[in-house]
Amino acid sequence: FQRDMEEVCRHYAEMGVKGFKVDFMDRDDQQMTLFNSRAAETAAKYHLILDLHGTHKPAGLNRTWPNILNFEGVHGLEQMKWNSSKVDQMKYDATIPFIRQAAGPMDYTQGAMINATRQGFHPNYTEPMSQGTRCHQLALYVVLDSPLNMLCDSPTNYLREEECTSFIARIPTVWDETRILDGRIGEYIVTARRKGSTWYIGGITDWTPRDLKIDLSFLGGSLQAELFRDGVNADRKASDYRREEIRIDTAEPFAVHLAPGGGFTLKIQQGE
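Residues numbered from 1 in each chain as written. Predicted model: local features only at pLDDT ≥ 70, side-chain atom pairs only at ≥ 80, totals over all residues. Heavy atoms only, no water.

**Student:** Account for the overall build of the protein, with residues named and values stated.
**Tutor:** Each helix and strand in the protein was counted, giving 7 helices and 13 strands. Expected size for 272 residues packed as a compact globule is a radius of gyration near 19 Å; at 19 Å, the protein falls within 12% of this value. Each of the three principal axes of the protein carries a C-alpha extent, and together these read 55 × 45 × 35 Å. Considering the protein as a whole, with its 272 residues, one finds that 48% of them fall into the buried category. In the protein, of all internal contacts separated by at least 6 residues, the share reaching a separation of at least 24 is 68%. Carbon and sulfur atoms make up 50% of the accessible area of the protein, which amounts to about 13100 Å² in all. (Helix = DSSP H or I, 4+ residues; strand = E, 2+ residues; numbered from the N terminus. Rg over C-alpha atoms; globule rule 2.2 N^0.38 Å. Buried < 20%, exposed > 50% of the residue type's maximum accessible area, 1.4 Å probe, protein only. Contact = heavy atoms within 4.5 Å. Areas by Shrake-Rupley, 256 points an atom, 1.4 Å probe, with all protein chains shown as cover.)

Written out as structure tokens, the structure reads:
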């Protein structure tokens, strides 16, 4: 890409390509920072978007060049392919919304359909798995700010897990409103995001199971909701989940149990 950036951008723009995900910068020195800036400017010239993967956390470049939709700069899910089982990704997940996310969007590449408990996790390069539950993975699409989102797993796994895949595909990537409903750094977080008249609420926990009571009174009234929550056996089989259509009385706290490394997601349509 760097060898002939102008020609690459011109050629692919003429083909109708909409942008690039550029990877392996792997440094934050002056030379690489200049590369990121040149890439953004050249791509913008040809009306191309960029996802700067394999780079440092954002520091305002997307303010200058809003065609940059996303940055990595995060210990994302790909690390589970090779990292030691001693790595605590669940505590990390419950920390980054408060710290790394303050700098800007992040290309975490969530969405694993093979999920493992703390005891069952092991790094596997050819058939990777996530730490934590399936619903933890679903909730990350709400908790994390990622305007250009990814699906990290094998297409065959998504074809097999149609219910979860369909839900992920419906989650917006840009929002009209965001509220943090509850949380403690490194322990858990519950985030609500609105697109139009639809609210998505996602919550994740570290390896500590939790019973949360969430104040949804700001929504008002009795509302229909789609819920994905940890299954009754999620503490032993992390891929166990339950999908429900429920009615929520927002005058009362919404109660939900999170398994170790667990999570939940709610989709609520106001006016129904």
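Having put the structure on the table, let's press on.
**Student:** Explain unusual backbone geometry to me, using residue names and the numbers behind them.
**Tutor:** Positive phi, close to 70°, is recorded for F24, a residue that is not glycine. In this fold, F24 is placed in the loop between β1 (19-22) and α2 (30-45). Located in the positive-phi region is H47, a residue other than glycine, with phi close to 60°. Among the structural elements, H47 can be located in the loop between α2 and β2 (49-52).

**Student:** Residue-level account of the sheet that holds strand β3 (residues 68-71), with values.
**Tutor:** The 3 strands are arranged β1-β2-β3 in an open sheet whose pairing can be described as parallel. Looking along the sheet, the strands with just one partner apiece sit at the ends: β1 and β3. Across the sheet, the axes of successive neighbouring strands diverge by a mean angle of 10°, strand direction being ignored. Taken together, the 4 bridges between β1 and β2 define a ladder with parallel strand orientation. Bridged to F20 within β2 is L50. Contacts from α2 reach β1, β2 and β3 within the one sheet, and its direction differs from that of β2 by about 160°. (Pairing = 2+ DSSP bridges. Axes fitted to C-alpha atoms, helices over the stretch in contact; angles between N-to-C directions.)

**Student:** Break down the sheet that holds strand β13 (residues 263-269) for me, citing the residues and quoting the values.
**Tutor:** In spatial order, the strands read β6-β7-β8-β13-β10-β11; together these 6 strands make up an open sheet with antiparallel pairing. Looking at which strands have only one partner, the edges of the open sheet turn out to be β6 (177-184) and β11 (241-249). Neighbouring strand axes in the sheet, compared pairwise and without regard to direction, differ in orientation by 15° on average. In the packing of helix α5 (residues 134-143) onto the sheet, the strands contacted are β7 (188-195), β8 (198-205), β10 (222-230), β11 and β13, and the crossing angle to β8 comes to about 125°. Docked against the sheet, helix α7 (residues 162-170) engages β8, β10, β11 and β13, running at close to 125° with respect to β10.

**Student:** An account of α7 is requested, with residue identities and associated values reported.
**Tutor:** Where α7 is concerned, the buried positions are C164, T165, F167 and I168. Projected onto a plane normal to the axis of α7, the buried residues spread over an arc of 160° and lie on a single side. What points out from α7, more than 90 degrees from its buried face, is the exposed set E162 and A169. For α7, the secondary structure elements touched by its buried residues are α5, α6 (155-160), β8, β10, β11 and β13. (Arc of directions from axis to C-beta.)

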